[in-house]
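# Coordinate inspection notes
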Amino acid sequence: MKKITTPNAPAAIGPYSQAIIANKTLYASGQIPIDPQTGNIVSGGIEAQAHQAFTNVKNLVEAAGTTMSAVLKVTVFMADMADFAAVNAIYAQYFTEPYPARSAVAVKQLPKGALIEVDVIAQM
């Protein structure tokens, strides 16, 4: 296994890695909408938070040496399923055909009060 870290995505806030590569596959931990420069959740509602979460994912994927087009599976966790349409529109700005497989679920609560968290699995 190879541990991946980058200052362009939030540092781990617990006993886990930002991402791990094993068997030519990248497993990225969930990215919440923290601005890695300030360490704070971005303001501006679900749209701003979704952009930041997907940007954090993109930065982590690129730090591992691959691209968003190599993402095989995405899991999107939202605090409110009413945000699905807004998140879906933003998601489409980060991924292209053929789109990765995806799950989108509503959860009761996310770390630091985030409205969204995104994790991915990508091919190396």
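Quick note: structure is the one above.
The notes below deal with the structure included here. (Residues numbered from 1 in each chain as written. Predicted model: local features only at pLDDT ≥ 70, side-chain atom pairs only at ≥ 80, totals over all residues. Heavy atoms only, no water.)

The final tally for this structure, using the stated rule, is four aromatic pairs. Between F54 and Y91 the ring centres are 5.8 Å apart and the planes differ by 75 degrees, which places this aromatic pair in the edge-to-face class. Linking F54 in helix α1 (residues 45-63) with Y91 in helix α2 (residues 84-91), this pair joins segments that are 37 residues apart in sequence. Residues F54 and Y91 agree in their burial class; the two are buried. (Phe/Tyr/Trp six-rings, centres within 6.5 Å; stacked < 30°, edge-to-face > 60°. Helix = DSSP H or I, 4+ residues; strand = E, 2+ residues; numbered from the N terminus. Buried < 20%, exposed > 50% of the residue type's maximum accessible area, 1.4 Å probe, protein only.)

Another point: unusual backbone geometry. Looking along the chain, the bond that leaves E97 and enters P98 is cis, with omega of -10 degrees. Looking at the secondary structure, you find P98 in the loop between α2 and β7 (101-106). The backbone phi angle of N23 is positive, close to 50 degrees, even though this residue is not glycine. Structurally, N23 can be placed in the loop between β2 (19-22) and β3 (25-31). In this structure, K24 takes a positive phi of about 60 degrees despite not being glycine. Tracing the backbone shows K24 in the loop between β2 and β3.

Looking now at α1. Its 19 residues give α1 an end-to-end C-alpha distance of 27 Å, which sits within 8% of 27 Å, the value for a rise of 1.5 Å per residue. Within two residues after α1, G65 carries a phi angle of roughly 95 degrees, on the positive side. (Expected span 1.5 Å × (residues − 1).)

This part covers α2. When α2 is considered as a whole, its buried residues turn out to be V87, I90 and Y91. What you see down the axis of α2 is that its buried residues fit within an arc of 105 degrees, all on one side. Close packing links the buried residues of α2 with α1, β6 (71-78), β7 and β8 (116-123). (Arc of directions from axis to C-beta. Contact = heavy atoms within 4.5 Å.)

Turning our attention to the pattern of salt bridges. One pass over the structure, following the stated rule, counts one salt bridge. Close ionic contact of E62 with K58 constitutes a salt bridge, the shortest N to O distance being 2.9 Å. Taken together, the residues E62 and K58, both in helix α1 and four residues apart, mark about one turn of the helix. (Salt bridge = Lys/Arg side-chain N within 4 Å of Asp/Glu carboxyl O.)

Glancing now at the environment of A63. Residue placement: A63 occurs in helix α1. Take A63: its relative accessible area is 38%, and that puts it in the partly exposed class. Expressed as a C-alpha distance, the spacing of A63 and A89, which sit 26 residues apart in the sequence, is 25 Å. Sequence-distant contacts of A63, defined by excluding residues within four places in its chain, comprise I4, T5 and T6.

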